Amino acid sequence: MTSVLYDAQGPRAKRRNILYTALFVLAAAVVVWWVYDGLASKHQLDWIKWKPFFTSSQPWETYLWPGLQNTLKAAFFALIIALPLGALFGIGRLSDHRWLRMPAGVVVEFFRAIPVLILMIIANEVYSEYTNINTDVRLLYAVVTGLVLYNASVLAEIVRAGIQSLPSGQTDAAKAIGMRKGQTMLYVLLPQSVTAMLPAIVSQLVVIVKDTALGGAVLAFPELLASVRPMSANYGANTIACFTIVALIYIVVNFALTSLASWLEGRLRRRKKSTGAVVGAGTAGGLETIGAPALIVDDGRAV
């Protein structure tokens, strides 16, 4: 089959692709065998090292579940704080007022350029020097603060890009019926851009969940990944088994988040398709201006 973007392969190209595929499969098999042989020779695949996770609830109740709780707690607080902050700074970067647009841009670019780990360390030192917060709670505050400062700046760019991706006709229609810029942003642009921004927001949530591990690695925050060291020491140096179980938990959590986001995005799109209707200017709020555009807001009503 030949198209503009793809030419049908000839006999030589097909043989070459088959050869490349066979070489890749062979190389992958060699790598897998090398890893397996290395782990087996070091007794990392012995059943005794994996047995605690399948025959006892102690590692789950003592190490994994408390660590997962702290991970989800830090990610939850970081998200609910970073999301509105990111929305405010993203909208601020779109402001017509230079005195608002410039500071918002400086803040976003500054915190987006600093690694989140450095932000966590600085926040921990600030809380240690200038507050009387308990050590256990201080670590949570430091991790959340670092995640909020960094991810709010990233979410600000997501919000800005989502709003700018909308057709300019929506803004023109809002102006035509006399809506102020704040009303246009709040009632027209933001609701419609949510669907476009949702995949990127969920991707950033996955990043937040994984970045909590930085707090455990440097600040000794008792999150999920930090549970590997005491758990491995308690169950006979089964480091590979512990890391494997923790990695599978991360995969399950992040897969659940992305699946939920896909379901929500599909629901929002179906809702728009089923309720959205283009209404003429003569029926839109009694407008008498000939040719005035109808404005479709998020719930499908024409204004």
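First, a word on what this report is: a plain description of the structure on this page. Being a predicted model, the structure only gives us computed values, none of them experimental.

Broken down by element type, the protein chain carries ten helices and zero strands. For the protein chain, the N- to C-terminal ordering of α and β elements is α-α-α-α-α-α-α-α-α-α. For the protein chain, with 303 residues in total, the buried portion stands at 35%. Of all intrachain contacts in the protein chain linking residues separated by at least 6 positions in sequence, the fraction that spans at least 24 positions is 71%. Here the protein chain has roughly 18,200 Å² of accessible surface; of this, 66% comes from carbon and sulfur atoms.

This brings us to the side chain of glutamine 204. The topology assignment puts glutamine 204 in helix 8 (residues 181-218). Excluding residues within four positions of it along the chain, glutamine 204 makes contact with Tyr150, Asn151, Val154, Leu155 and Ile158.

Our focus in this paragraph is the nonpolar core. Phe53, Leu64, Val143, Leu147, Leu224, Met231 and Ile249 are the most contacted members of the largest nonpolar core, which totals 36 residues. Of all the elements in the fold, those that place two or more residues in this core are helix 2 (47-55), helix 3 (58-92), helix 5 (116-130), helix 6 (135-164), helix 8, helix 9 (228-234) and helix 10 (239-275). Non-local contacts of leucine 147, meaning those with residues more than four positions away in its chain, are made with Ala74, Ala78, Val116, Met120, Ala152, Ile208, Asp211 and Thr212. One finds Ala152, Met179, Val188 and Ile201 within the second-largest nonpolar core, a separate group that totals 17 residues.

This brings us to the side chain of glutamate 157. Along the chain, the position of glutamate 157 falls in helix 6. Classification of glutamate 157 by relative accessible area gives buried; the value is 14%.

Assignment of secondary structure puts aspartate 211 in helix 8. Using a relative accessible area of 15% as the deciding quantity, one classes aspartate 211 as buried. Here the alpha-carbon distance between aspartate 211 and threonine 71, two residues 140 residues apart in the chain, equals 9.3 Å.

A word on the packing of aromatic side chains. By the definition in use, this model includes six aromatic pairs. Each ring, one from phenylalanine 110 and one from phenylalanine 111, has its centre 5.1 Å from the other, and the planes form 80°; the classification is edge-to-face. Exposure remark for phenylalanine 110: the relative accessible area of 48% places this residue in the partly exposed category.

A word on the environment of alanine 220. Structurally, the position occupied by alanine 220 is in the loop between helix 8 and helix 9. Non-local contacts of alanine 220, meaning those with residues more than four positions away in its chain, are made with Leu139 and Gly215.

As a further point, take the packing of helix 5 against helix 6. One way to put it is that helix 5 packs onto helix 6 with a least axis distance of 8 Å and a crossing angle of 135°. Put simply, helix 5 runs oblique to helix 6. Crossing hand, helix 5 versus helix 6: right-handed. Here helix 5 contributes Val116, Leu119, Met120, Ala123, Asn124, Tyr127 and Ser128 to the contact with helix 6, which in turn contributes Arg138, Leu139, Tyr141, Ala142, Val143, Thr145, Gly146, Leu147, Leu149 and Tyr150.

Now for helix 4 (residues 98-113). If you check helix 4, its first and last C-alpha atoms are 22 Å apart, about what 16 residues at 1.5 Å a residue would give, namely 22 Å. Check the buried side of helix 4 and you find it contacts helix 3 and helix 6.

What follows is about the packing of helix 5 against helix 8. Packed helices, taken two at a time, are described by the angle between their axes plus the distance between the axes. At a minimum axis distance of 10 Å, the contact between helix 5 and helix 8 shows a crossing angle of 50°. By the criterion of interaxial angle, the relationship of helix 5 to helix 8 is oblique. The handedness of the crossing between helix 5 and helix 8 is right-handed. On the side of helix 5, the interface is formed by Val116, Leu117, Met120 and Ile121, while helix 8 contributes Asp211, Leu214, Gly215 and Val218. Tallied by class, the residues present in the contact of helix 5 with helix 8 amount to six nonpolar, one polar and one charged.

Rules behind the numbers
In this numbering scheme, every chain counts its residues from 1 along its sequence in written order. Side-chain atom pairs in this predicted model are given and counted only at pLDDT of 80 or more, local residue features only at pLDDT of at least 70, and totals for whole chains, interfaces and linings cover all residues. With hydrogens and water stripped out, all remaining heavy atoms of the structure feed into the side-chain values. Every helix listed is a DSSP run of H or I at least four residues long, and every strand listed is a run of E at least two residues long, numbered separately from the N terminus. Classification of residues uses two cut-offs on accessible area relative to the type maximum, computed with a 1.4 Å probe and protein chains only: under 20% is buried, over 50% is exposed, and between them is partly exposed. The contact rule is simple, with two residues in contact once any of their heavy atoms fall within 4.5 Å. What sets the accessible areas is the Shrake-Rupley method with a 1.4 Å probe; for residues, cover comes only from the shown protein chains. Note on terminology: a nonpolar core comprises buried Ala, Val, Leu, Ile, Met, Phe, Trp, Tyr and Cys residues joined through side-chain atoms within 4.5 Å. Each aromatic pair joins two rings of Phe, Tyr and Trp (for Trp, the six-membered one) with centres within 6.5 Å, and gets the label stacked for planes under 30 degrees apart, edge-to-face for over 60, and tilted for any other angle. Under this scheme, a helix contributes an axis fitted over its contacting stretch, all axes are lines through C-alpha atoms, and angles between N-to-C directions fall in the 0 to 180 degree range. Just so you know how the angles are binned, under 35 degrees is roughly parallel, over 145 roughly antiparallel, 65 to 115 roughly perpendicular, and the rest oblique. Take the far helix as your reference; a near helix turned counterclockwise from it by less than a right angle gives a left-handed crossing, and one turned clockwise gives a right-handed crossing. The length a helix should cover is 1.5 Å for every residue beyond the first. Residue polarity follows a fixed list, in which Ala, Val, Leu, Ile, Met, Phe, Trp, Tyr, Cys and Pro are nonpolar, Asp, Glu, Lys and Arg are charged, and the others, Gly among them, are polar.

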